[in-house]
Amino acid sequence: MGKAIVIYTSKRGSTKQYAEWIAEDLGCEALPLADPRVKDLNLYEYSCIIYGGWIRGSGIVDFDKFGRMLDSELMQKLIVFGVGMADETAENYAQVWGYSIGKLDPKNENKSILYILGGKYDPASVTGMDRFLMKIMRTVLISGSTPEAKGRANFMKERIDNGVDMVRRDNITSLVRDARRKM
Ligand SMILES: Cc1cc2nc3c(=O)[nH]c(=O)nc-3n(C[C@H](O)[C@H](O)[C@H](O)COP(=O)(O)O)c2cc1C
């Protein structure tokens, strides 16, 4: 069996929690992207490379930075997970995919895998730029015009205003299964 590695970017802990659970299940290391050891990793030694980042404005934070370490060979071993509070709709998945893997491999030739895992949002802990961005997102959301969009927007607005915690260990089951297939 080959080796796996988990690299992650987390601001308030939920992505870190998932990264640690995944690493524990796979018996491998989980390192923050900012850890100086990441630059020295020889990614070609691994048969499964996992990157996790929290989702901000539908983008997986620092995936572009991590993406600079990848080529087509490494992307074939890649599993990405984004952690967010949006609903698991096809539209959300497509958007997050388009801003991450889709930017590097628009035809998905390397068959990198993307998972979106339920995150945690506590409005009281969000400050500065993030708070400002969230305020704009909330305004844009509630301006949605169709009745269907309005229904979904109300759901999100409730989460933005009151917070939500969807972090569950069970959420990693399929990701871990896919990782083991690559190892
Ligand atoms: C400024 C800001 C923007 C966000 N944008 C999104 C988003 O577009 N989609 C989403 O699903 N979650 C979004 N979230 C929710 C976070 O991704 C979620 O709370 C995540 O669990 C945070 O991960 P962390 O605990 O590892 O920092 C946003 C949160 C903040 C603070």
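Residues numbered from 1 in each chain as written. Predicted model: local features only at pLDDT ≥ 70, side-chain atom pairs only at ≥ 80, totals over all residues. Heavy atoms only, no water.

Considering the site of the ligand
Around the ligand, the structure places 23 residues, and the nearest of them are S10, R12, S14, I55 and K120. At a separation of 2.6 Å, an oxygen atom of the ligand approaches a polar backbone atom of R12. Backbone polar atom of K120 to an oxygen atom of the ligand: 2.4 Å apart, as the coordinates give it. When the free accessible area of the ligand is taken as 630 Å², the share hidden by the protein chains comes to 97%. Elements that contribute at least two residues to the shell around the ligand include exactly α1 (14-26), β3 (48-56), β5 (78-84), β7 (120-121) and α7 (128-142). (Near = heavy atom within 4 Å. Polar contact = N/O pair within 3.5 Å; in protein donor to acceptor, adjacent residues only side chain to side chain. Areas by Shrake-Rupley, 256 points an atom, 1.4 Å probe, with all protein chains shown as cover. Helix = DSSP H or I, 4+ residues; strand = E, 2+ residues; numbered from the N terminus.)

Looking at the domain arrangement of the protein
Parsing the protein into structural domains produces domain 1 (4-122 + 165-182) and domain 2 (123-162). Its C-alpha centre places domain 1 at a distance of 24 Å from the equivalent point of domain 2. For the pair domain 1 and domain 2, the two sides together bury roughly 1200 Å², of which 54% comes from carbon and sulfur. It is M85, Y121 and D122 that lose the most area in domain 1 upon contact with domain 2, and together they represent 48% of the buried surface on that side. In this assembly, domain 1 and domain 2 are joined by 3 salt bridges. The partner of R159 in a salt bridge is D87, with the nearest N and O atoms 3.6 Å apart. Taken together, the links from domain 1 to domain 2 amount to 6 residue pairs in polar contact (both at pLDDT 80 or more). Considering only residue class, the side of domain 1 that touches domain 2 consists of 5 nonpolar, 2 polar and 6 charged. (Domains from an automatic or database assignment. Buried area = accessible area lost by both parts, 1.4 Å probe. Salt bridge = Lys/Arg side-chain N within 4 Å of Asp/Glu carboxyl O. Nonpolar A, V, L, I, M, F, W, Y, C, P; charged D, E, K, R; others polar.)

Examining the pattern of salt bridges
Enumeration according to the criterion identifies 13 salt bridges in this entry. Between R12 and D130 there is a salt bridge, and its shortest N-O distance comes to 2.9 Å. Pair noted here: R12 is in the loop between β1 (4-9) and α1 and D130 is in helix α7, with a separation of 118 residues, a long-range link. We classify R12 as partly exposed; its relative accessible area is 37%. Between R177 and D178 there is a salt bridge, with its nearest N and O atoms 3.5 Å apart. You can call D178 buried: its relative accessible area is 10%. (Buried < 20%, exposed > 50% of the residue type's maximum accessible area, 1.4 Å probe, protein only.)

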